[in-house]
Amino acid sequence: MNGPEIHISVAPELKLFVAAERRGERARVVTDGVSTLGHVVESLGIPLTEVGRLLVDGREVPVAHVPGAGESVEVHAVPRPQPVPGAPLRFLLDVHLGTLARRLRLLGVDAAYEAEDIGDPALAALSAAERRVLLSRDRGLLRRREIWAGAYVYSDRPEEQLRDVLGRFAPRLAPWTRCTACNGELRDADKEAVSELLEHGTQRTYDVFAQCTACDRVYWRGAHHERLEAIVENAVREFGAAEAGLRP
Ligand SMILES: [Zn+2]
């Protein structure tokens, strides 16, 4: 490219996407004179799902803006919490985020997940069809035009991934209301109705039951409960109050 030269400053949160030599203040970028600013930002490696306001010489512009010579561009990160208008907030996770999917479900957050790799085009189409925010660590997937909404997951550790998503989207938390195996909603189940699904020892020892309305899986306070309880408590302590404050 040998068109107009512009200067780009990238928000600190977004610098990880950009090549080291462009991470400084006011990196020099030569454009082709016809590409949009959205395209230029993407070509630096930044997924547009992560970009908030774009300022040119201090004035906000849309991604369709075509940069001219000498312009000074600021690329900001998405606001947190990030509003997602147009549908109830729900998610679709790519095949690498199974643990995050189960933890979101544990908190009652609608989190669809296919354990098999259905491929990028199918995932993107599902995001569009069901209006789900696609969560991924794959920048190529997040660049697909057909996705309804998307978000890059910044950490590879499930604890940090959960905090990232809860802090970014502030979903309503409703712990113990969703099946961690299939994302179905749970209903109370009385012991007699589910007794034939349970082993004898389970029947004798435990008496708190819920059942998935989608896959019939039965839940009780079992051996892993303390670990799950800790995940729920931590999430509610940090994000439950903020959520209550956001919704009058
Ligand atoms: Zn289920």
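Worth saying up front: this structure is predicted, and the values here are computed from it rather than measured. (Residues numbered from 1 in each chain as written. Predicted model: local features only at pLDDT ≥ 70, side-chain atom pairs only at ≥ 80, totals over all residues.)

1. Side note on helix H3 (residues 120–130)
Restricting attention to buried positions, one finds in H3 the residues Leu 123, Ala 124 and Ser 127. Mapping the buried residues of H3 onto a view down its axis gives an arc of 95 degrees, with all of them on the same face. Exposed side of H3, more than 90 degrees from the buried face: Pro 121, Ala 122 and Ala 129 are the residues found there. Packed against the buried residues of H3 are strand S6 (91–93), strand S8 (133–136) and helix H4 (139–142). (Buried ≥ 20, exposed ≤ 12 C-beta atoms within 10 Å, placed from the backbone. Helix = DSSP H or I, 4+ residues; strand = E, 2+ residues; numbered from the N terminus. Arc of directions from axis to C-beta. Contact = placed C-beta atoms within 7 Å.)

2. Some points on the domain arrangement of the protein chain
As assigned here, the protein chain comprises domain 1 (5–77) and domain 2 (91–246). For domain 1 versus domain 2, the distance between C-alpha centres works out to 35 Å. With 4 residues of domain 1 in contact, the opposing surface of domain 2 contributes 6 residues. When its residues are assigned to classes, the side of domain 1 that touches domain 2 shows 1 nonpolar, 1 polar and 2 charged. (Domains from an automatic or database assignment. Nonpolar A, V, L, I, M, F, W, Y, C, P; charged D, E, K, R; others polar.)

3. Some details on the environment of Thr 99
Examined against the element boundaries, Thr 99 turns out to sit in helix H2 (residues 98–106). Spatially, the C-alpha atoms of Thr 99 and Ile 118 are 18 Å apart, while their sequence positions differ by 19 residues.

4. Topic: the UniProt feature "domain: Ubiquitin Mut7-C" (unreviewed entry) in the protein chain
In the numbering adopted here, UniProt assigns the feature "domain: Ubiquitin Mut7-C" (unreviewed entry) to residues 4–78. With 9% helix and 32% strand, residues 4–78 has end C-alpha atoms that lie 27 Å from one another. (UniProt positions renumbered as here; feature names shortened; annotations may be inferred.)

5. Quick look at the environment of His 225
With respect to the element layout, His 225 can be found in helix H8 (residues 225–246). Take His 225: there are 13 C-beta atoms within 10 Å of it, and that puts it in the partly exposed class. Between the alpha carbons of His 225 and Ser 127 there is a distance of 32 Å; along the sequence they are 98 residues apart.

6. Some points on the pairing of strand S1 (residues 5–10)
Where burial is concerned, the two faces of S1 differ: the one with Ile 6, Ile 8 and Val 10 is buried and the one with Glu 5, His 7 and Ser 9 is not. Where S1 meets strand S2 (residues 27–30), 4 bridges bridge the pair, whose relative direction is antiparallel. Across the sheet, His 7 pairs through a bridge with Arg 28, a residue of S2. One ladder, built from 4 bridges, connects S1 with strand S5 (residues 72–77); its direction is parallel. (Pairing = 2+ DSSP bridges.)

7. Here we look at the nonpolar core
Ranked by internal contacts, the top residues of the largest apolar core, which has 32 residues, are Phe 91, Leu 93, Leu 104, Val 133 and Leu 135. Sorting the residues of this core by element identifies S6, H2, H3, S8, H4, strand S9 (149–152), helix H5 (158–169) and H8 as the ones contributing at least two each. For Leu 135, the residues in contact, after removing those within four places along its chain, are Phe 91, Leu 93, Asp 94, Leu 97, Ala 151, Val 153 and Val 165. Leu 37, Val 41, Ile 46 and Leu 54 belong to the second largest nonpolar core, which has 14 residues in total. (Core = buried A, V, L, I, M, F, W, Y, C linked by C-beta atoms within 7 Å.)

8. Observations regarding the sheet that holds S2
One key point about sheets: their strands pair by backbone hydrogen bonds, in either a parallel or an antiparallel sense. Spatial strand order, S2-S1-S5-S3-S4: 5 strands in an open sheet with mixed pairing. Because the sheet does not close on itself, it has two edges, and the strands there are S2 and strand S4 (59–60). Across 2 bridges, the pairing between strand S3 (residues 51–56) and S4 is antiparallel. Counterpart to Val 56 in the pairing with S4 is Arg 59.

9. Points about the sheet that holds strand S7 (residues 111–113)
The sheet built from 4 strands is open, its strands ordered S7-S6-S8-S9 with parallel pairing. Only two strands of the sheet have a single neighbouring strand rather than two, namely S7 and S9. The mean angle between the axes of side-by-side strands here comes to 30 degrees, regardless of whether they run parallel or antiparallel. Bridge count for S6 against S8 is 3 bridges, and the pairing is parallel. The partner of Leu 92 across the bridge, within S8, is Leu 134. Strands S6 and S7 of the sheet are contacted by H2, whose axis makes an angle of about 150 degrees with S7. (Axes fitted to C-alpha atoms, helices over the stretch in contact; angles between N-to-C directions.)

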